[in-house]
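Listed below are the residues making up each chain.
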Amino acid sequence: MTDLGLGKVANDFADLIRRRKLPEVVYVTRPTMPNLEGYVQMLAGIWERKLLTNQGPLHNELEEKLRSFLGVEHLSLFCNGTIALLVALEALRINSGEVITTPFTFPATTHSLYWNRVRPVFCDIDPVTLNLDPSKIERLIGPDTRAILGVHVYGRPCDVEAIDRIASIHGLNVIYDAAHAFGVRYKNNSLLSYGDISILSFHGTKLFTTAEGGALVCSTNDRRQRVNSLKNFGIADEETVIGPGINGKMSEFQAAFGLMQMELIGDEISNRRNLAALYKELLAGIPGIQIPADVPETVSTYAYFPVLIDATRFGMTRDQLFVLLRECNIFARKYFYPLISSASCYSALPSATTSHLPVAERISRQVLCLPIYGSLDPQTVGVISKIIAGAQEVATRGTAARATS
Ligand SMILES: *Cc1c(COP(=O)(O)O)cnc(C)c1O
């Protein structure tokens with residue numbers, strides 16, 4: 001096996017791998033696949049109508065169903081979440097200056113600012129929510145600050161009330177990248193109803209998927225009209241272009257897949273809840289494994305299952321556990337490592353200095369997302385948990401042996 005740098009206990013790890021290795025690779029996620037015959041039937045309808053895109057009937061039906069399922073007033077479908085984010089910024093006319101954002105996210109969040117000619121200002125995260133730390137936002141606000149772009153990482157709500165307060169004091173817009181927050185409820189509301197605009201991603205790795213796809217949620221009908229024009233080249237009517245739009249439209253093929261997914265999403269979410277509860281039970285009490293507690297008053301949909309590894313107590317680093325799990329055919333993911341602020345396109349920014357982002361730095365080195373998806377066998381969760389518990393035992397036994405040798 002790959003050298004974990006654990007010296008004389010390598011044999012014990014080899015034994016653990018031999019006993020626990022799964023016969024097939026388990027990925028961090030798998031899409032919920034709708035019934036193929038049903039999808040073919042929907043395709044037959046598309047063939048008949050010959051309407052392939054531009055607000056077709058399936059597109060409009062999916063918009064309607066998602067509005068009601070998510071409990072939001074104004075929703076607009078997109079070809080993907082990244083373009084939804086670009087349009088969100090342009091809809092609020094944020095195309096210069098600075099936006100305060102988190103470094104602990106998928107690259108698309110930060111790149112959306114770059115594409116709108118906005119300079120990202122990275123703010124450290126809170127060790128509990130793992131999202132923007134509101135107590136560190138205000139010191140970053142300057143004359144060029146236009147907005148706050150938060151991310152509900154793993155579907156865990158940002159401190160939306162505190163962010164709202166800061167934004168209204170300073171006259172800033174608030175945008176949430178809610179790519180992970182499909183169906184999340186906070187204080188009996190959709191989490192998507194906070195801020196000026198939230199965006200969702202329906203990428204194949206997300207909880208609800210249309211292969212590629214996304215949506216934008218906003219609070220007024222006027223704004224939705226502007227968004228709808230901007231995602232269609234800025235076209236408002238046959239003779240009016242309101243601004244420099246883009247092509248962000250969702251096709252009928254994606255919408256058909258989404259409509260089929262709608263029928264499975266309730267079971268998908270409840271299966272994930274059961275699996276998350278099982279992980280919590282089985283991983284509880286393993287020294288050095290911390291499961292971030294659910295944010296209070298939140299109903300989670302468990303798009304991800306992150307754990308934090310404290311290398312000192314666990315006996316191995318996150319990277320060592322990552323390799324060990326791979327050896328056992330378990331493909332966990334280091335979401336989000338390294339921080340996007342350390343990418344060469346951003347690392348020269350003053351706010352990207354690692355000493356300004358100590359919590360994000362630490363969390364990005366400790367976090368590991370374990371497999372979770374509705375069709376994951378609970379027995380596999382059992383095996384993964386046993387490997388983690390076994391790894392800790394072997395690794396700390398090694399430490400004890402080294403300490404006395
Ligand atoms: C997946 C993801 C995106 C990008 O969404 P796409 O639909 O793939 O463009 C943006 N932000 C976050 C946090 C994501 O996880």
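Here's what I pulled together on the structure shown here. (Residues numbered from 1 in each chain as written. Predicted model: local features only at pLDDT ≥ 70, side-chain atom pairs only at ≥ 80, totals over all residues. Heavy atoms only, no water.)

**Describing the sheet that holds strand β14 (residues 298–299)**
Taking strand neighbours across the sheet as the criterion, the 3 strands line up as β8-β7-β14 in an open arrangement whose pairing is antiparallel. This sheet does not close on itself; its edge strands, each paired only once, are β8 (189–190) and β14. With 2 bridges joining them, strand β7 (residues 185–186) and β14 adopt antiparallel strand pairing. Its bridge partner lying in β14, Arg-185 is registered against Val-299. (Pairing = 2+ DSSP bridges. Helix = DSSP H or I, 4+ residues; strand = E, 2+ residues; numbered from the N terminus.)

**A few points about the site of the ligand**
The ligand sits among 14 residues. The nearest are Thr-82, Asp-177, His-180, Ser-201 and Lys-206. A distance of 2.5 Å separates an oxygen atom of the ligand from a polar atom in the side chain of Thr-82. Asp-177 places a polar side-chain atom, nitrogen or oxygen, 2.6 Å from a nitrogen atom of the ligand. Here the ligand, which alone exposes 390 Å², has 94% of that area covered by the protein. When atom positions are compared with the pocket grids, the ligand is found to occupy the largest pocket. (Near = heavy atom within 4 Å. Polar contact = N/O pair within 3.5 Å; in protein donor to acceptor, adjacent residues only side chain to side chain. Areas by Shrake-Rupley, 256 points an atom, 1.4 Å probe, with all protein chains shown as cover. 1 Å grid on protein atoms, 1.4 Å probe; cavity = no way out; pocket = protein on both sides within 12 Å on 5 of 7 lines; lining within 4 Å. Sits in = over half its atoms within 2 Å of the grid points.)

**A word on the sheet that holds strand β2 (residues 74–78)**
Read from one edge to the other, the open sheet built from 7 strands follows the order β2-β10-β9-β6-β5-β3-β4, with strand pairing classed as mixed. Each having just a single partner strand, β2 and β4 (119–122) make up the two edges of the open sheet. This sheet shows a mean twist of 25 degrees between the axes of neighbouring strands, independent of strand direction. As paired elements, strand β3 (residues 98–101) and β4 share 4 bridges and run parallel to each other. The partner of Thr-101 across the bridge, within β4, is Phe-122. Helix α5 (residues 107–115) contacts β3, β4, β5 (145–151) and β6 (173–177) of the sheet and is inclined by roughly 160 degrees relative to β5. Strand contacts of helix α7 (residues 221–230): β2, β9 (197–201) and β10 (214–218), with the helix running at about 10 degrees to β2, the strand carrying the most contacts. (Axes fitted to C-alpha atoms, helices over the stretch in contact; angles between N-to-C directions. Contact = heavy atoms within 4.5 Å.)

**Remarks on the state of the cysteines**
Inspection of the entire model under this criterion finds 0 disulfides. Cysteine Cys-218 shares no disulfide, and the gap to the nearest cysteine sulfur, in Cys-79, comes to 17 Å. Classification of Cys-218 by relative accessible area gives buried; the value is 6%. This cysteine, Cys-369, is not joined by any disulfide, and Cys-158 carries the nearest cysteine sulfur, 16 Å off. You can call Cys-369 buried: its relative accessible area is 0%. (Disulfide = S-S within 2.5 Å. Buried < 20%, exposed > 50% of the residue type's maximum accessible area, 1.4 Å probe, protein only.)

**Details of the pattern of salt bridges**
Taken as a whole, this structure holds 15 salt bridges when the rule is applied. For Asp-319, the salt bridge identified is with Arg-318, shortest N-O distance 2.7 Å. According to the relative accessible area criterion, Asp-319 is partly exposed, its value standing at 31%. Across the salt bridge formed by Glu-361 and Arg-365, the nearest N and O atoms sit 3.1 Å from each other. Here the residue Glu-361 and the residue Arg-365 both occupy positions in helix α11 (residues 358–366), the gap between them amounting to 4 residues, near one helical turn. With relative accessibility at 48%, the residue Arg-365 sits in the partly exposed group. Sharing partners across several salt bridges, the network here consists of Asp-15, Arg-18 and Arg-19. (Salt bridge = Lys/Arg side-chain N within 4 Å of Asp/Glu carboxyl O.)

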